[in-house]
Amino acid sequence: MRTSVVDVGSKTVRLVVSDTEGGAPLPVHTAKWRLRLSEQVTPGGPVPERAVEDLVDAVAAADRAAARWGAAGPLAFATAVVRGAPNRQEVLRTVRERTGVELCTLPGEVEAELTFLAARRWMGWRCGPLAMLDIGGGSLEVAFGRGRLPDFAASLPLGAARLTHEYFEDEDPPSPDRVRALRRRVRHQLRDAAARIRWEGPRTAVATSRTFQQLGRLCGAAPGRHGPFMERVLSAADLRGAVDRLAALPAAERARLPGISAPRATQSLAGAVVAHTAMKLTGLATVTICPWALREGVLLRHVEDGPAWWAEVARRSEKEPDGAGPVPLRIAAARH
């Protein structure tokens, strides 16, 4: 059986087609369309008409590609950049009517749960009590748990693109005062979730997302061409040096550093500040970079819990009010 996922993120629309017959999502085809929605949408602002048109074209192309690879209609979702828009329902309706794809948005807490599930399945039960950090364009997801799904999950408005827009948009490179102001913001908004992680004392900590992958490479982790099974570990000490290194350079020069891609160079500093501050506050000396994240979590949950689960997600998305951004810290029921 082949299943496909379409992920509308802050930078790209990504398609993953996977064989899921054996219970693990094994990719057979991937594709991406670079839309850079976060550069067209201010935090909390509407998705402009031109961006909606580009989104329709990309989702339609992804749907056609999935069909060519023998997968049914994709499990399609959009993350914070669409979730927080005041015209969210209009965007979802336009995509549905123009492409036939039931695009939905996932609450930030659900994103954290699904990313945790992917990390748990990748790392295995031997890793014990597990903490997870994931930095997206619009939000930071944090989770902890001992079982298949987290005992608590939080989504906070601390995404790399969002914070770059708020703190660094008119300074390149930013002044030390701007960097310190951003670090204070992260400390303030993360303190409750960080206190829970410290109290739990996880045996293992993982970090997912393109932001952490690029920071890991900058700090000496093996490049992606070495494959997903190569262990990649990022330390808070190395990340501290990376923050200083990135802060001293304009975006164009950051893009020349190992691991920092040109499309993400502008937001790389904000991502590094969030990552380092999160690790320090939670007491995590190191994190393992996990190649599985939200897309794999969606596939795994669909395989393990059946299509009725996704139908309920889509139903709730239709009822969610426009502009529903990241949720505050709240405890999720433990489910194993």
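Residues numbered from 1 in each chain as written. Predicted model: local features only at pLDDT ≥ 70, side-chain atom pairs only at ≥ 80, totals over all residues. Heavy atoms only, no water.

Identification of the protein chain as Exopolyphosphatase/guanosine-5'-triphosphate, 3'-diphosphate pyrophosphatase from Streptomyces thermodiastaticus is taken from an unreviewed UniProt entry. Comment text from UniProt for the protein chain, heading Sequence similarities (unreviewed entry), reads "Belongs to the GppA/Ppx family." (UniProt positions renumbered as here; feature names shortened; annotations may be inferred.)

### Looking at the pattern of salt bridges
Within the structure shown, the criterion is met by 20 salt bridges. Salt-bridge contacts for Glu304 lead to Arg148; the nearest nitrogen and oxygen are separated by 2.5 Å. In this pair, Glu304 is assigned in helix H12 (residues 294-305) and Arg148 in the loop between strand E7 (140-145) and strand E8 (152-156), connecting sequence segments 156 residues apart. On the basis of relative accessibility, which here comes to 13%, the residue Arg148 falls in the buried class. The salt bridge involving Arg240 is made with Asp244; its shortest N-O contact spans 2.6 Å. (Salt bridge = Lys/Arg side-chain N within 4 Å of Asp/Glu carboxyl O. Helix = DSSP H or I, 4+ residues; strand = E, 2+ residues; numbered from the N terminus. Buried < 20%, exposed > 50% of the residue type's maximum accessible area, 1.4 Å probe, protein only.)

### Thoughts on the environment of Lys319
Among the structural elements, Lys319 can be located in helix H13 (residues 307-319). Separated by 230 residues in sequence, Lys319 and Gln89 have C-alpha atoms that sit 9.2 Å apart.

### Structural notes on the environment of Trp199
Mapped onto the elements, Trp199 comes out in helix H7 (residues 176-200). It is 9.0 Å that separates the C-alpha atoms of Trp199 and Thr282, two residues lying 83 residues apart in sequence.

### A look at the sheet that holds strand E3 (residues 26-34)
Strand order in the open sheet made by the 5 strands is E3-E2-E1-E4-E5, with mixed pairing throughout. Of all strands in the sheet, those with a lone pairing partner are E3 and strand E5 (104-105), marking the two edges. Pairing analysis gives 7 bridges linking strand E1 (residues 2-8) to strand E2 (residues 12-19), with the strands arranged antiparallel. For Val6, the partnering residue across the bridge sits in E2 and is Leu15. Packing against the sheet, helix H2 (residues 49-68) makes contact with E1, E2 and E3, and its axis sits at approximately 15° to E2. (Pairing = 2+ DSSP bridges. Contact = heavy atoms within 4.5 Å. Axes fitted to C-alpha atoms, helices over the stretch in contact; angles between N-to-C directions.)

### Some thoughts on the sheet that holds E7
Pairing in this open sheet of 6 strands is mixed, and the strands run E8-E7-E6-E9-E11-E10 from one edge to the other. Every other strand in the sheet has two partners, leaving E8 and strand E10 (233-235) as the edge strands with one partner each. The mean inter-strand angle of the sheet, taken between neighbouring strand axes irrespective of direction, is 25°. Strand contacts of helix H5 (residues 108-123): strand E6 (130-135), E7, E8, strand E9 (204-208) and strand E11 (286-289), with the helix running at about 55° to E7, the strand carrying the most contacts. Its contacts with the sheet put helix H11 (residues 265-282) on E6, E7, E10 and E11, and the angle it makes with E6 is roughly 160°.

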